[in-house]
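Structural overview for review
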Amino acid sequence: MSVSVRIKQKSLFKKKLNIEDIIKLINLSYGVCDENYRLIPDKIANHTLIYDKNKLARGIDISLDKTDVVLLLSLPTSSSEIRTFYEVINKICSELKVKTYIREEEQVSLKDKKNLLNMMKKEVLKD
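Attention now goes to the layout of surface pockets. Space inside the largest pocket adds up to approximately 220 Å³. As for the largest pocket, its lining consists of Cys-33, Tyr-37, His-47, Thr-48, Leu-49, Arg-58, Gly-59, Ile-60, Asp-61, Leu-72 and Ser-74. Mapped by element, the contributors of at least two residues to the lining of the largest pocket are β4 (48–51), β5 (60–65) and β6 (68–74). The class makeup of the residues in the lining of the largest pocket is 5 nonpolar, 4 polar and 2 charged.

If you walk through the whole model with that rule in mind, you get 4 salt bridges. Between Lys-8 and Asp-68 there is a salt bridge, with its nearest N and O atoms 3.4 Å apart. Of this pair, Lys-8 sits in the loop between β1 (2–7) and α1 (19–26) while Asp-68 sits in strand β6, placing them 60 residues apart in sequence. We classify Lys-8 as partly exposed; its relative accessible area is 35%. Assessed through its relative accessible area of 10%, Asp-68 is described here as buried. Across the pair Asp-34 and Arg-38 runs a salt bridge whose closest N-O atoms are separated by 2.9 Å.

This brings us to helix α2 (residues 79–96). Helix length check: α2, at 18 residues, gives a terminal C-alpha distance of 26 Å against a target of 26 Å (1.5 Å per residue), a fit within 8%. Every buried residue belonging to α2 is among Ser-79, Ser-80, Glu-81, Ile-82, Thr-84, Phe-85, Tyr-86, Val-88, Ile-89, Ile-92, Cys-93 and Leu-96, and all of these are buried.

Another point: empty space enclosed by the protein. Enumeration according to the criterion identifies 2 cavities of 30 Å³ or more in this entry. Considered as a void within the structure, the largest cavity measures approximately 50 Å³ in volume. Here the lining of the largest cavity gets 3 residues from one element, more than from any other, and that element is α2. Computed from the structure, the second largest cavity encloses a volume of approximately 40 Å³. Forming the boundary of the second largest cavity are Gln-9, Lys-15, Lys-16, Leu-17, Leu-64, Lys-66, Thr-67, Val-69 and Leu-96. Class assignment for the residues of the lining of the second largest cavity results in 4 nonpolar, 2 polar and 3 charged.

Criteria and cut-off values
- Residues numbered from 1 in each chain as written.
- Predicted model: local features only at pLDDT ≥ 70, side-chain atom pairs only at ≥ 80, totals over all residues.
- Heavy atoms only, no water.
- 1 Å grid on protein atoms, 1.4 Å probe; cavity = no way out; pocket = protein on both sides within 12 Å on 5 of 7 lines; lining within 4 Å.
- Points joined across faces, edges and corners; volume = space filled by probe spheres on them.
- Helix = DSSP H or I, 4+ residues; strand = E, 2+ residues; numbered from the N terminus.
- Nonpolar A, V, L, I, M, F, W, Y, C, P; charged D, E, K, R; others polar.
- Salt bridge = Lys/Arg side-chain N within 4 Å of Asp/Glu carboxyl O.
- Buried < 20%, exposed > 50% of the residue type's maximum accessible area, 1.4 Å probe, protein only.
- Expected span 1.5 Å × (residues − 1).

Laid out in structure tokens, this is it:
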């Protein structure tokens, strides 16, 4: 089970972000998984895991689809990683100057962050 988010740019002149740009923007640790799903820190690939090294959980998968940024949060996870997931979304949206994104095939606003956090905590967390 997971939650997927796609951040689309709507402007005529789309800003080209790469994974390295996003990592610098969000200031989190990153790495990739090998064939046995072991983390290899400080490596970047088409699918890169970002995570808070002080509050380890499952990590957030980040990838690019042309100019779209795609994030995937595996569930269940910790409440701190859920907060981090939405903070990352907000930072990327701010950088791309967009106010909405697609969460599970539904368009949502950055203003919905608090409601989405509360909903996910109720549905997912077993803390």
